[in-house]
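Architecture at a glance
Given next are the chains, with one letter for each unit.
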Amino acid sequence: MRMKQIQRVCVIGAGVMGRQIALNAAAGGFAVVLTDSFPDALKKAGAWSRSYLEGSVQKGKLTQEEMEGTLARVTLEDSLEAALSGADLVIEAIIEEEAVKRELFTTVSRAAPPDAIVTSNSSYIPSSTFAGLFQEPGRLANLHYFNPAMRMKLVEIVRGPHTSGETIEALKQFVTAVGKTYIIVEKEIEGFVVNRLLRAVQDEGYYLLEHGVASFADIDKGAELGLNYPMGPFRLMDLTGLDINYYNRRHRYEQTGREEDRPPRQLEERFQRGEYGKKTGKGWYSYD
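These remarks concern the structure in this document. Per chain, the residues get numbers from 1 upward, laid out in the order the sequence is written. Thresholds applied to this predicted model are a pLDDT of at least 70 for local features of residues and 80 or more for the giving and counting of side-chain atom pairs; totals over whole chains, interfaces and linings are not thresholded and use all residues. Note: side-chain values were computed over all heavy atoms of the structure, leaving out hydrogens and water.

1. As for the pattern of salt bridges
We count a salt bridge whenever a side-chain nitrogen from Lys or Arg sits within 4 Å of a carboxyl oxygen from Asp or Glu. The full count for this structure, using the stated rule, is 22 salt bridges. With its nearest N and O atoms 3.4 Å apart, the salt bridge here joins Arg-252 to Asp-203. Of this pair, Arg-252 sits in helix α10 (residues 242–256) while Asp-203 sits in helix α7 (residues 194–210), and the two are 49 residues apart along the sequence. Burial classes follow relative accessibility: with a 1.4 Å probe on protein chains only, a residue under 20% of its type's maximum area counts as buried, one over 50% as exposed, and anything between as partly exposed. The exposure class assigned to Arg-252 is buried, which follows from its relative accessible area of 8%. A relative accessible area of 30% means that Asp-203 is categorised as partly exposed. Between Arg-262 and Glu-259 there is a salt bridge, and its shortest N-O distance comes to 2.8 Å. Residues joined in a network through salt bridges with shared partners are Asp-203, Arg-249, Arg-252, Arg-258, Glu-260 and Asp-261. By definition, any uninterrupted DSSP run of H or I lasting at least four residues is a helix, any uninterrupted run of E lasting at least two residues is a strand, and each is numbered from the N terminus.

Okay, structure coming up:
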């Protein structure tokens, strides 16, 4: 396949990650269509985008003209098929549930332009899981942003065994154009690179917590003040979402069956109570 020239981007999922990915692409000069099956999510994403950019204007990081130009490049669309029409790059950013993603990618494989590059922002589920849905799987890859996507500099580009070199090159150009730095994950592996490193820290944090060695707050303090981490593992989970952490750990447990991979008790309790972190006002910490 020939290398795709990316001009128009479709972001599927208007939640915390999707709305930031869409705004980042628009700020990079791309025409963006943001779509979600929940109209209220789109409405909130639109309001958040304006509020975020207005804050940047007030801080002198952006001019009023630049703000209006960025907002003008984002279209909110509740029809998935309409959003996919004419897309050069599709970025999926929905819930970390394989069955839900599979249903979505079944539609994308049918409704997106046949030469569009299709990517998943999933932090754990590799694109090869869905390669069989596409007639030309060479255009499929993972494009993994980190939360908060407007500020975090790194994006992981993950090469599946099916992914073409042209797709990887096009994604490199796109990531650079939106002001990010990329690393290439040359082999699909559960958790990719960064989350595997992070998981090692989180696993030890959970061990210390579950065995009564220290409180989660003191574990965080140890990581922040003793290791000079920007934030400890539990505070970071609150930022990225305890629901995502739970889904990822449950997926790993289902894959391995190992007891040590089971979601930790205190994580599961918070998940069941709907305490997902900053986005719900409570997780490990409370946010008023």
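2. Quick word on the packing of aromatic side chains
Only Phe, Tyr and Trp rings take part, Trp by its six-membered ring, and two of them pair if their centres are within 6.5 Å. Stacked means planes under 30 degrees apart, edge-to-face means over 60, and tilted covers everything else. Scanning all chains against the criterion turns up 14 aromatic pairs. Between Phe-105 and Phe-130, the aromatic rings sit 4.8 Å apart at their centres with planes inclined by 40°, giving tilted as the arrangement. Residue Phe-105 is located in helix α5 (residues 98–111), and its partner Phe-130 is located in the loop between β5 (117–120) and β6 (140–145); the two are separated by 25 residues in the primary sequence. For the ring pair Phe-216 and Phe-234, a centre distance of 6.1 Å and an interplane angle of 55° mean the geometry is tilted. Placement of Phe-216 in helix α8 (residues 216–226) and of Phe-234 in helix α9 (residues 233–240) is noted, with a sequence separation of 18 residues between them. You can call Phe-234 buried: its relative accessible area is 0%.

3. Points about the nonpolar core
Buried Ala, Val, Leu, Ile, Met, Phe, Trp, Tyr and Cys residues that are joined via side-chain atoms within 4.5 Å together make up what is termed a nonpolar core. Within the largest apolar cluster, 31 residues are counted, with the highest numbers of intra-cluster contacts made by Val-9, Ile-91, Leu-143, Tyr-145 and Phe-174. For this core, the secondary-structure elements that each account for two or more residues are β1 (8–12), α1 (16–27), β2 (31–35), α2 (39–58), β4 (89–92), β6, β7 (154–158) and α6 (165–177). When checking whether two residues touch, look at their non-hydrogen atoms; a contact exists if any pair is within 4.5 Å. For Leu-143, the residues in contact, after removing those within four places along its chain, are Ile-91, Thr-119, Ser-120, Asn-121, Val-155, Glu-156, Ile-157, Leu-171, Phe-174 and Val-175. Grouped together as the second largest cluster of nonpolar side chains are 18 residues, Ile-12, Ala-83, Val-118 and Phe-130 included.

Limitation: the analysis is restricted to geometry and does not speak to function.
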